[in-house]
Amino acid sequence: AIRSRVIHPEQVALEEGEPIYEAALRVADEFEPEDLRAAVALNESAALHHAGGRLSEAEPLYRQALAIWERLPERIELATLLSNLARLCLDQEKYDDVEALSKGALRTSQAVAPNHPEVANSLNNLADPYSVQGRHAEIALRHLEEGAGERRDHRPHDDAGNLAGIDRAVLE
């Protein structure tokens, strides 16, 4: 199964793992186009390239895997793949893509397995572009507005207290 991961290039022995994943990709080429084993092999190979800092080689592999997962019934692995691709886009400073992919991962993980750790991973990925760009208050306000729109008993004066708390949290 696909695993969520925090990618640390210094922990990856690309030279050791690459032949294994390349062999897996050759075998995966023999599978049917919608075989999830091909998607798993592509994702794992992409993750290895990503971890090794070979971002331009990782992206097409992630996208090929995504094309397969999108044709299959929703599973948590789709959310994980979307999160992996979002992390790659973050590393490439493609912040709009990070947000879109993270929202897709969040929707999928909440629909398929609302208590799965991938839900938290997706939320973290969603916040990362704002954090990297020093836009902490903007993300806090966005989530406050979204949450306020969903509350039935919303009272406008509640927002002032919430905003003050957010200001303190951002400044600390």
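What counts as what
- Residues numbered from 1 in each chain as written.
- Predicted model: local features only at pLDDT ≥ 70, side-chain atom pairs only at ≥ 80, totals over all residues.
- Heavy atoms only, no water.
- Core = buried A, V, L, I, M, F, W, Y, C linked by side-chain atoms within 4.5 Å.
- Buried < 20%, exposed > 50% of the residue type's maximum accessible area, 1.4 Å probe, protein only.
- Helix = DSSP H or I, 4+ residues; strand = E, 2+ residues; numbered from the N terminus.
- Axes fitted to C-alpha atoms, helices over the stretch in contact; angles between N-to-C directions.
- Parallel < 35°, antiparallel > 145°, perpendicular 65-115°, else oblique.
- Left-handed = near helix turned anticlockwise from the far one by under 90°.
- Contact = heavy atoms within 4.5 Å.
- Nonpolar A, V, L, I, M, F, W, Y, C, P; charged D, E, K, R; others polar.
- pLDDT = per-residue confidence, 0-100.

Undergrad: Report on the nonpolar core, specifying residues and quantitative values.
TA: Ranked by size, the top nonpolar core spans 28 residues in total, and within it Tyr62 and Trp69 carry the most contacts. Elements supplying a minimum of two residues to this core: helix H2 (36-51), helix H3 (55-69), helix H4 (76-91) and helix H5 (95-112). The greatest single-element share of this core, amounting to ten residues, is contributed by H4.

Undergrad: Describe the packing of H5 against helix H6 (residues 117-132), naming the residues involved and giving the relevant values.
TA: Remark: H5 packs on H6, axes separated minimally by 8 Å, with the N-to-C direction vectors making an angle of 160 degrees. Here H5 lies roughly antiparallel to H6, going by the angle between them. For the pair H5 and H6, the crossing hand works out as left-handed. Contacts from Tyr95, Val98, Glu99, Ser102, Lys103, Ala105, Leu106, Ser109 and Gln110 in H5 reach Glu118, Val119, Ser122, Leu123, Asn125, Leu126, Pro129, Tyr130 and Val132 in H6. A class-by-class count of the residues in the contact of H5 with H6 yields ten nonpolar, five polar and three charged.

Undergrad: So, the packing of H2 against H3: which residues are in play, and what are the values?
TA: Following both chains from N to C, one finds H2 and H3 inclined at 160 degrees, their axes separated by 8 Å at the closest point. Classified by the angle between their axes, H2 and H3 sit roughly antiparallel to one another. In this structure, the crossing between H2 and H3 has a hand that is left-handed. Along the contact surface, H2 presents Leu36, Ala38, Ala39, Val40, Leu42, Asn43, Ser45, Ala46, Ala47, His49 and His50, while H3 presents Leu55, Glu57, Ala58, Leu61, Tyr62, Gln64, Ala65, Ile68 and Trp69. Looking at the contact of H2 with H3 residue by residue, the class counts come to 14 nonpolar, five polar and one charged.

Undergrad: Explain the environment of Leu36 to me, and be specific about the residues and the numbers.
TA: On the secondary structure map, Leu36 appears in helix H2. In this structure the C-alpha to C-alpha distance between Leu36 and Trp69, which are 33 residues apart in sequence, comes to 7.1 Å. Beyond its immediate sequence surroundings of up to four residues, Leu36 is in contact with Trp69, Leu72 and Arg75.

Undergrad: Kindly report on the confidence of the model for the protein chain, identifying the contributing residues and their values.
TA: Do not read the predicted coordinates in detail wherever pLDDT is low. Across the protein chain, pLDDT averages 75, with 66% of residues at or above 70. Every residue in residues 1-12 is under pLDDT 50, and counting partners more than four places away or in other chains gives 26 contacts. Confidence over residues 148-172 falls short of pLDDT 50; this stretch has 14 contacts with residues more than four positions distant or in other chains.

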